[in-house]
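Structural overview for review
Next come the chains, spelled out residue by residue.
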Amino acid sequence: MSRDELMARLWPVSRRYLASYVLFNQAVADHLGMHPTDVQCLNLLTLEDGPVTTGRIAELTGLTSGSATRLVDRLEKAGLVTRQRDEADRRRVLVAVRPEALERFGAVWRELSTDWVAAFAEDTEVELDFLLRHMNRTVELSHRQIARLAAMDPNGSNGP
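Residues numbered from 1 in each chain as written. Predicted model: local features only at pLDDT ≥ 70, side-chain atom pairs only at ≥ 80, totals over all residues. Heavy atoms only, no water.

Remarks on the nonpolar core
To keep things clear, this is the line we draw: Joining through side-chain atoms within 4.5 Å is the link that ties buried Ala, Val, Leu, Ile, Met, Phe, Trp, Tyr and Cys residues into a set, and such a set is a nonpolar core. When a residue's accessible area, from a 1.4 Å probe over protein chains only, is under 20% of the maximum for its type it is buried; when over 50% it is exposed; and in between it is partly exposed. What counts as a helix is a DSSP run of H or I of at least four residues, what counts as a strand is a run of E of at least two, and both are numbered from the N terminus. Two residues form a contact once any of their heavy atoms are found within 4.5 Å.
In terms of nonpolar packing, the biggest core is built from 21 residues, with Leu-32, Met-34, Val-39, Leu-42, Ile-57, Leu-75 and Val-81 touching the most fellow members. Mapped by element, the contributors of at least two residues to this core are helix H1 (3-32), helix H2 (36-47), helix H3 (54-61), helix H4 (65-77) and helix H5 (99-119). If sequence neighbours within four positions are ignored, Leu-42 has contacts with Met-34, Leu-75, Leu-80, Val-81, Val-97 and Phe-105.

Focus on the packing of aromatic side chains
Heads up, the condition is: Here a pair means two rings of Phe, Tyr or Trp (six-membered ring of Trp) with centres within 6.5 Å. Their orientation is stacked below 30 degrees between planes, edge-to-face above 60, and tilted elsewhere.
Using the criterion set out here, one finds 4 aromatic pairs in the structure. Arranged with centres 5.9 Å apart and planes meeting at 50 degrees, the rings of Tyr-21 and Phe-24 form a pair that is tilted. Of the two residues, Tyr-21 and Phe-24 are both situated in helix H1; the distance of 3 residues between them amounts to about one turn of the helix. Taking relative accessible area as the criterion, Phe-24 reaches 32% and is therefore assigned partly exposed.

Focus on the side chain of Thr-54
The residue Thr-54 is located in helix H3 in this model. Residue contacts for Thr-54: discarding those within four places in its chain leaves Ser-65, Ala-68, Thr-69, Val-72, Val-93 and Val-95.

Describing the pattern of salt bridges
One side chain can pair with another of opposite charge once the charged atoms of both are near each other. The condition that has to hold: A carboxyl oxygen of Asp or Glu within 4 Å of a side-chain nitrogen of Lys or Arg is what we treat as a salt bridge.
As enumerated under the stated definition, the model contains 11 salt bridges in all. For Asp-129, the salt bridge is made with Arg-133, and the minimal N-O distance between the two is 3.4 Å. Separated by 4 residues within a single helix, Asp-129 and Arg-133 lie in helix H6 (residues 125-151), roughly one turn from each other. Of the residues examined, Asp-129 reaches a relative accessible area of 40% and is grouped as partly exposed. Judged by relative accessible area, Arg-133 falls into the partly exposed class, the value being 42%.

In structure tokens:
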């Protein structure tokens, strides 16, 4: 099959792939009784080395600082995160995932991880390396596209 034919097949498959992930995220959120953005924020927070600022949450999620603050407000009200003063700089406030939220969140992922591992069981190390590079490129592309959308006029133009 030619590159052009493969690219033509890749477009609808990638759209289904993205839609399936969004719908999966919604199902996880529904299961946990949470908003999908809150689920992904918690997911991203568990990947950080420790508590982070609301500004960092805005960077991680692509949200504005105001939206990130409202997100943290929701998570704190739900008992999922705490705000704490930074010991090194008392002017800064850090957001930390509460241990019981981490356990509840982790339990769902542990339950689902069996199927995740099984999905890649037959892949070779070369194939897994390719998938890793693909996923990293996709994450980078997503960050660029989020910034691009934020800069665009809601009607789709890039300026006046």
